[in-house]
Each structure stands twice: as structure tokens, then as C-alpha cells.
Amino acid sequence: MGNSAQEKVIGRSVRRLEDGRFLTGRARYVADIECPGCLWGHVLRSPHAHARIERIDLAAARALDGVRGVFTHADLAMDKLGPMPCMAVVKPLVVPPRPALADGCVRHVGDPVAFIVADSAETARTAAELVEVDYAPLPSVVDGGAALAVGAPTIWDQAPGNTAFHIERGDADAVAAAMRQAAHVVEIEVMNNRVVVAPVESRAGIARYDAATDTMDLELTGQGLHGIRRQLAEFVFKLPPEKIRLHAPDVGGGFGTKNFLYPEWVLLLWAARRLGRPVRWEADRAEEFVASAQGRDIAAKAKLALDASGRILALDVAMIANLGAYLSGNGPGASVVAASTAQGGVYDVPAIHVDVRGAFTNTVPVDAYRGAGKPEANYIIERALEAAARQLGRDPAELRRQNLISSFPHKTAMGMAIDSGGFLDNLDRAVARANAKDFEARRAEAKARGKLRGLGFGCFLETSRGAPNEGAEVRFESDGTVTLAVGTESNGQGHETAYAQIASDRLGLPIEAIRYVQADTRAVKTGAGHGGARSMHMGGTAAVKAIDAALAKARTLAAHLLQASEEELVFGDGRFSVKGSDRAIALAALAKSAEDPANLPDGMTPGLGVHAMNMSDVFTFPSGCHVAEVEIDPETGGAELVRYTAIDDYGRLINPLLTEGQVQGGVTQGIGQAMLEHTVYDPESGQLLSGSLMDYALPRADDLPALDIALVERPTNANPLGVKGSGQAGCIAAPQTVMAAILDALRPAGVQHLDMPATPEKIWQALRAGGR
């Protein structure tokens, strides 16, 4: 592998290649795509959280000029479309049917009821207002715990007690024994608040149907296209997968929510086939609040057992996951599978037991959101340790230091094999960088100004992999460029640059010679998409395998053409040379020669291109320690985040600039959840009260201090690049760090507990209740 004279680009902060088009208006999103003859779709949605559909009158809507079709579940049923599946590897699991349009009953505000297709978006919306639906409202329930209580309204007959699953993991007996022997048992009850996932680009799609080949085409704002296609083909349309093509142009953010199959994708494809015309749909922001998968919403009770010295003996966790009205594509996976991998965090916890119950409620379905279970698990252990430090009268950083995993490899109580890490070093660096030793002076200065100042620590462990296995293909083009097609998909992470850096170093070619291809089931053979911070670990390894296989083939051909043995060849700067001679041949020339069978040695197939699979289920373990400082105005409850420090380990850094950007974004989202964001449903009516950006607070630049982030490179042996995932970690670390700082500020006023989000109102009320 490798190049000699050409400067290496892995490890350099190369500015994103894709930014040129993003910053000059040349990016291509679904809404930018011209579609001559396109019809427009509009989804009529339920205004009720739970109701029977008594009657639907479509006559007036169908009679409106420009309307091409108004469809309900009955129309889909006539074509024998199947329900959308749940692919989560969770058993036993109750999976009620989820049709693309409601079948006789609606179960959350926003549930799709009818699909209107017209010549224009305006006409489709007008026609929707003409559809008459008679609803018979039913009792609703929006809280996960309330849904599991005796006497709660029944959402699905198939799910007695509204229970989707009840699963236990870990060693209950060992945990019970440790609790009996413990000198201290600390109990906490925390809520990981539900959030609206709000990428800058809302979901949109354009569907086309080719009658000549009987194939369907969907261009969409998606992340996991091969997986979505499989679900559409196998479960909904019952077709061979090659009959459906999915492809995505530039995608403006996702954070997990664009990984899943949605009713709109089914409706677009079906309507295009039914009407013989392309059909497009674009969600507005208000629609996304009730139509896109939401995140988090896990209530947890935990007991932490410690010996007399403060050493952790066991962790017992009971969680209730609010799944919403339907099971989204991987909905239960976050609370069961992903969360289990990270229980206990970076600490040496000898015994862990987890009890998880999934609840159906009359709310928007919940699925994976940046971190997907790992933030919830880390939040539990960090809040428990913070409570233990206060109960035992210990310094929070010192109690953490005592219990951090310090020797590797380490197998956790949940069976995860952590190959390497520097957890102690992360903590020590973070404490020093945040100047924690002088904090009391800063607290005293704030007190003199009438403010409450708090310091909080939070460690995190990410279990990074996402779906196992990934593919990549390298193709050599006639113009001398190299195409790298990978099954992971970027929606803002900078893959076009990072993968080009890998290929450039490996092939010895300028980075400009690499052409990156993604998100097209026709152009990319296989792929598990983005999610779980997996792209460089899984996709990068697949790319290395494909490139190395292509170079091995090229070496054999070069030896044949240069009349030398393979051992005599040296590769560098994109060319093979014979040692001690001036005989050499470039990759571009080899690729051209490889197309002609007459040039090939016996047994070699034409072409240098190779598709390779990275067949791996190995995790990597990014980690870090964050420190936050806040100031609170006790008269208003307003909290200001004044300092934020992070020491993070993501293994070998392909591009430090892009990595830091990922961390900044993740930290910001975690701060948003801790201080601002909360999806609120009315407990009586089931209406979404935080249904727009007027009612739902997203973090803005003026909510943040300058983020002080330092990256420590500790390469892993889990993959040839030595990388660990960085896309989710900031979101995993920030919530508990910020909450620890807020509680540290409030404790002198008698406040011992607060749930996210720590809004001014909640802080003010807590201060009053605490006696201030």
C-alpha cells in the first residue's frame, strides 16, 4: 500500500471537499430536483391521539379540479400491500400491523389517514381540507409508565397492558447478592426526556414508475437506503429487491431519523405506479413534528451498590421505554440492544442487571436518535455516581477515578470486550484543562454577584459499530480517476472527504482523483447505511479491503507487463516500479491494460475493480470526560453554560477538523436536551403541545460557550485504520455533564434532584421548593 513522495493526507485537517458546492448554492437536495410532469402528494393526518374512523367521504376532494387521486387504506389493501415491518432484533416482541394509511383507527396525532395526489401542492392541500372524516374519539395515554399501569386505555388488542416487550439482561442473582452485602445502596429515578429530531432538511421524496421494466424508483432524503429498500420490497410490495431503486442526493442532516421506512415512502411509490406519473412530496416543519420518528423518552430507576470504601459492587436498572403508537423500524433496538452494550459506562461494575419494558402510547413512534440507547445508559450510571458522591460525601471526580476501568482488555458485566482505552487519563486531563482546582474561587466570585455557580463532570463510553458488516467497491475510470462506492451514507459528516483521504493515501493518488459514490442501490452493491458511528470503522475497513485487493491484482498485472516478479516491485505515488531500474507503470495505465484480456496473465479476470466485504461484528469504544460550568440567576432560574471542556478519544483521526466538528454538533445536541428541548403531549387529549419551533426550543449559538475540545489519539486494533466512531459521542456525554453542573450549583439551596430539561421555570420552581 501507500505512496512514497506524495504527502500523506490521513491525519490532516483537510477542509471538506463537498463544502464548495454547499457554500455556493450548488448542493442538490430533493427539493432542488426538477421533475417535469410531477404530481404532488399530501398526507391527511389525524387530529386525534386515539379514535375510530367511522366514515370517510372523499367525493368533494376527488371532484376538485386538478386532483388525480384520493386514497385510503382500502385502496392499498386492494393491491395487497403489506404493513411496514419492525426489524429490531428483540425477542419476544409484539409487533402490531403498521399500514401506510390508518386501517379503521388512528393512534396518534399525525397518523396518516388519506393520501391526496394532485397537479400542485396547493391543490393537494385544498383537496385534503375537503375530505370529511367522522372520528369517534377514544381514551388516550401518552406517558410510558401510565400506559403500563392497570386500567390504562388499550392501544392494541395484540398487546395486553400496552406492553411491547419485557426483557431482562445481565445477572439478577449476582446483583441481588451484591445489594445485600453493600455498605451503601444509592437509588435514583431519572427521566431521559423525549426530543423532536430536527435536521435542517425535512423529509422529502420523488417516486417514479417505469411500466416497460415494471420497476419503481424513489429519490429521497434517506440514510439507510439498502435496508429501506429491503423492507419495501420484501414486506410491503412483495417484489424482488431489484424491482425497486432507492437513491439520495445531498441530505441535510439526519441524526438517525432518516434511517427508517416511513408511510410516505410507501405511498409515493404506490401512487406513482398506480397513476403512471412521478409523484413528489415534501414535508413542512410542522408536519415533521408529528410524522418523523422522535427520540429518547426512557424513564429509569437505578440502584447502585458500593462497598465501604466507595468501590462499585453492582448496578440494577429498571427502564420503561415509551415506543409510541407503532413500532418504528428499529424502535425497540435502542432501549434494549444498544443501551445494554453501554450499561455501566467506563466503570468497573462487577455485576449488572437490566429490566426493560417497552410501552405503546398514543404518541409519535420513537426510534434511534444520535447515540440510540448509549446516551440513556451513560446518563443512568453518571447520575447514579453523582448521587453516590453526594450521599457518601465524596468528591465526584475522585469517586469516578476510583471506579474507572484501568486495565485492558476488559470484559464488562454485559459481555462487551473493551480492547483499549485511557479512561483515567481522560479524567485527569479534563480536570486539569477545566482548572477544577480553582473552581471554588470562581464560585465565590459568582456568589458575590448574586449567582449560583456549579461544576459538573461526566464520563462516557460509546459502543460504536451500528449494524455489522459493510461493503465497498473500487473502480478505475477511463479518465484516470478512481471511484470508491461505499455502503455507508453521509448526511453532513464529511464522508466525501474522509473516504477520499483513505483512498488517496492507500492508492498514492491526489485526493482530487478520488470520486466518492454513496446512497444509490443501483450504483452501490451493498450497504448498511449510517448509524451507530460506524462509517470509518465498518465502511473505512471495507474500503481498505477493496483497495488492497485491487492493488494486489494490479501488482500481479504489473509484474506480468513489466516482466518482473511481484517481489521486485515497489509501489508508490500511484505507480509500480521495478527495483533498481527505470521500468514502471502507473495505476491508470494498468487499469486501461486490464480491460483487454490479451494483456492479462493466465487466470486473471478483466478489470482492476474490486468489491469487498468487511464481515465484522466487532465494536470500538470511543470514550472521554467532559466538564461543564454553569451560572444560575436564583431570581429567574435562568442558567448560563459558561464553560465546557472535553477530552475525547476516537482512536486514530482520519481528519481532526471533521472529528472536532462532529463532537461540537453532538455536544450541542446534548446541551439542548439537558437545558432546552422537551417534547410535551397533553396527558388528557394526547395533543402535541410542543408542535412547532415556537413551542420547542432548539439550542442556538448564543446558548453555548466556546467549546474547549481536545482529542487524544489512542488507536484501536479493531480495524486496520485504528479508528473509533465519533459521530454520536458528544450527544452521549453532554446531558449528564450539564445536569451535574446545574445540580452542583443548586445544592447549596437545598435542591437534590432535577430532570432534564433544566429550563428556567423548572430551576426556579426547584429553588422555591428547596426553601430558597
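Heads up: the structure comes first, above all this text.
Below is a short write-up of the structure. Treat the numbers as computed from the prediction; the structure is a model and nothing was measured.

## Brief notes about the overall build of the protein
- Regarding its fold elements, the protein presents 20 helices and 28 strands.
- Computed over C-alpha atoms, the radius of gyration of the protein comes to 28 Å, within 12% of the 28 Å expected from 2.2 N^0.38 for 772 residues, which places it in the range of a compact globule.
- Expressed as lengths along the three principal axes of its C-alpha atoms, the size of the protein is roughly 90 × 75 × 50 Å.
- In the protein, the proportion of contacts linking residues at least 24 apart, taken out of those at least 6 apart, comes to 80%.

## Re the sheet that holds strand β24 (residues 584-586)
- Taken in spatial order, the three strands of this open sheet run β22-β23-β24, and their pairing is antiparallel. Edge positions in the sheet fall to β22 (569-572) and β24, since each has one partner strand and no second. Neighbour-to-neighbour, the strand axes of the sheet open up by a mean angle of 20°, direction not taken into account.
- Where β22 and strand β23 (residues 575-578) come together, four bridges link them in antiparallel fashion. Pairing of Gly-572 across the sheet is with Arg-575, part of β23.

## Considerations on helix α7 (residues 225-237)
- All buried positions along α7 are accounted for by Leu-225, His-226, Ile-228, Arg-229, Gln-231, Leu-232, Ala-233, Val-236 and Phe-237.
- Residues of α7 that are buried in the fold lie against β10 (215-220), β11 (244-247) and α8 (263-275).

## Considering the environment of Met-191
- Relative to the helices and strands, Met-191 is located in strand β8 (residues 184-192).
- Sequence-distant contacts of Met-191, that is, excluding residues within four places in its chain, are made with Asp-297, Ile-298, Ala-299, Tyr-379, Asp-755 and Met-756.

## Quick notes on the side chain of Asp-297
- Note that Asp-297 resides in the loop between α9 (285-291) and β13 (298-306).
- For Asp-297, a relative accessible area of 10% gives the class buried.
- Sequence-distant contacts of Asp-297, that is, excluding residues within four places in its chain, are made with Met-191, Asn-192, Asn-193, Arg-194, Ile-320, Ala-321 and Asn-322.

## Details of the state of the cysteines
- With the rule as written, the count across this model stands at one disulfide.
- The disulfide partner of Cys-35 is Cys-38, and the S-S distance across this bridge is 2.2 Å. With the S-S bond torsion at 70°, the cross-link from Cys-35 to Cys-38 turns out right-handed.
- The thiol of Cys-86 is not disulfide-bonded; the next cysteine sulfur, from Cys-105, is found 20 Å away.

## Some remarks on the side chain of Asn-491
- Structurally, Asn-491 is set in the loop between β20 (482-486) and α15 (495-507).
- Residue Asn-491 is classed as buried on the basis of its relative accessible area of 7%.
- Not counting chain neighbours up to four residues away, the residues in contact with Asn-491 comprise Gln-223, Val-251, Gly-252, Gly-253, Gly-254, Phe-255 and His-530.

## Description of the pattern of salt bridges
- For the coordinates displayed, the defined rule picks out 48 salt bridges.
- For Glu-234, the salt bridge is made with Arg-230, and the minimal N-O distance between the two is 3.0 Å. One end of the pair, Glu-234, and the other, Arg-230, are both in helix α7, four residues apart, so they sit about a helical turn from each other.
- The class of Glu-234 is partly exposed, set by a relative accessible area of 43%.
- Residue classification places Arg-230 among the partly exposed positions, given a relative accessible area of 43%.
- Asp-708 is the salt-bridge partner of Arg-433, the closest N and O atoms lying 3.0 Å from each other.

## Thoughts on unusual backbone geometry
- The step from Lys-91 to Pro-92 runs through a cis peptide bond, and the omega angle for that step is -5°.
- Considering the arrangement of structural elements, one finds Pro-92 in the loop between α3 (73-78) and β4 (105-106).
- Along the chain, Phe-408 connects to Pro-409 via a cis peptide bond; the corresponding omega equals 0°.
- With respect to the element layout, Pro-409 can be found in the loop between α12 (396-403) and β16 (410-411).
- The backbone phi angle of Ala-372 is positive, close to 45°, even though this residue is not glycine.
- For Ala-372, a relative accessible area of 14% translates into the label buried.
- Within the chain, Ala-519 stands out as a residue other than glycine whose phi angle is a positive 55°.
- With respect to the helices and strands, the residue Ala-519 is situated in the loop between β21 (514-517) and α16 (535-562).
- Judged by its relative accessible area of 4%, Ala-519 falls in the buried class.

## So, the nonpolar core
- Grouped together as the largest cluster of nonpolar side chains are 109 residues, with contacts concentrated most on Tyr-644 and Ile-742.
- Per-element tally for this core: the top contributor is helix α19 (residues 729-746), with 11 residues.
- The next biggest cluster of nonpolar side chains, apart from the first, holds 50 residues, and it includes Ile-10, Tyr-499, Ala-564 and Leu-590.

## Focus: the packing of helix α10 (residues 331-342) against helix α11 (residues 374-392)
- Where α10 contacts α11, the two axes come as close as 7 Å, and the packing angle between them is 45°. As summarised for this structure, α10 and α11 are arranged oblique, according to the angle between their axes. You can see that α10 and α11 cross each other, and the crossing is right-handed. Contacts between α10 and α11 involve Ala-338, Ala-339, Thr-341 and Ala-342 from the former and Lys-374, Ala-377 and Asn-378 from the latter.
- Of the residues in the contact of α10 with α11, the class split is four nonpolar, two polar and one charged.

## Some thoughts on the sheet that holds strand β19 (residues 470-476)
- With mixed pairing, the four strands of this open sheet are ordered in space as β21-β20-β19-β25. Both edges of this open sheet fall to β21 and β25 (610-614), since each of them pairs with a single strand only. Across the sheet, the mean angle separating the axes of adjacent strands is 20° when strand polarity is ignored.
- Sheet contacts for α15: β19, β20 and β21; angle to β21, the most-contacted strand, approximately 135°.

## Side note on the environment of Thr-412
- Structurally, Thr-412 can be placed in the loop between β16 and β17 (417-418).
- Taking the C-alpha atoms as reference points, Thr-412 and Phe-360, separated by 52 residues in sequence, lie 31 Å from one another.

## A short note on the packing of α15 against α16
- For the pair α15 and α16, the least separation of the axes is 10 Å and the interaxial angle reads 30°. For the crossing formed where α15 meets α16, the hand is right-handed. Residues His-495, Ala-498, Tyr-499, Ile-502, Ala-503, Arg-506 and Leu-507 of α15 pack against Ser-535, Met-536, Gly-539, Gly-540, Ala-543, Val-544, Ile-547, Asp-548 and Leu-551 of α16.

## Let's talk about the packing of aromatic side chains
- Scanning all chains against the criterion turns up eight aromatic pairs.
- Residue placement shows Arg-21 over the ring face of Phe-22; its charged tip is 5.0 Å from the ring centre.
- The residue whose ring lies beneath Arg-203 is Tyr-262, and the NZ or CZ to ring-centre distance is 3.9 Å.

## Remarks on the pairing of β20
- Of all five residues in β20, five are buried; the element is thus mostly enclosed.
- Burial along β20 is two-sided: Val-482, Leu-484 and Val-486 and Thr-483 and Ala-485, pointing in opposite directions, are all buried.
- Bridge analysis of β19 against β20 gives five bridges, and the strand direction is antiparallel. In the strand pairing of β20, Ala-472 is matched with Val-486.
- Between β19 and β20, which pair antiparallel one after the other, the connecting turn spans five residues, and Gly-480 there sits at a positive phi close to 90°.
- Judged from the four bridges that link them, β20 and β21 form a sheet pairing that is parallel. For Val-482, the partnering residue across the bridge sits in β21 and is Ile-514.
- Regarding topology, α15 serves as the crossover connection from β20 to the parallel β21, and that connection is right-handed.

What counts as what
Residues numbered from 1 in each chain as written. Predicted model: local features only at pLDDT ≥ 70, side-chain atom pairs only at ≥ 80, totals over all residues. Heavy atoms only, no water. Helix = DSSP H or I, 4+ residues; strand = E, 2+ residues; numbered from the N terminus. Rg over C-alpha atoms; globule rule 2.2 N^0.38 Å. Contact = heavy atoms within 4.5 Å. Pairing = 2+ DSSP bridges. Axes fitted to C-alpha atoms, helices over the stretch in contact; angles between N-to-C directions. Buried < 20%, exposed > 50% of the residue type's maximum accessible area, 1.4 Å probe, protein only. Disulfide = S-S within 2.5 Å. Salt bridge = Lys/Arg side-chain N within 4 Å of Asp/Glu carboxyl O. Core = buried A, V, L, I, M, F, W, Y, C linked by side-chain atoms within 4.5 Å. Parallel < 35°, antiparallel > 145°, perpendicular 65-115°, else oblique. Left-handed = near helix turned anticlockwise from the far one by under 90°. Nonpolar A, V, L, I, M, F, W, Y, C, P; charged D, E, K, R; others polar. Phe/Tyr/Trp six-rings, centres within 6.5 Å; stacked < 30°, edge-to-face > 60°. Lys NZ or Arg CZ within 6 Å of the ring centre and 35° of its normal. Right-handed = clockwise from strand over helix to strand, strands pointing away.

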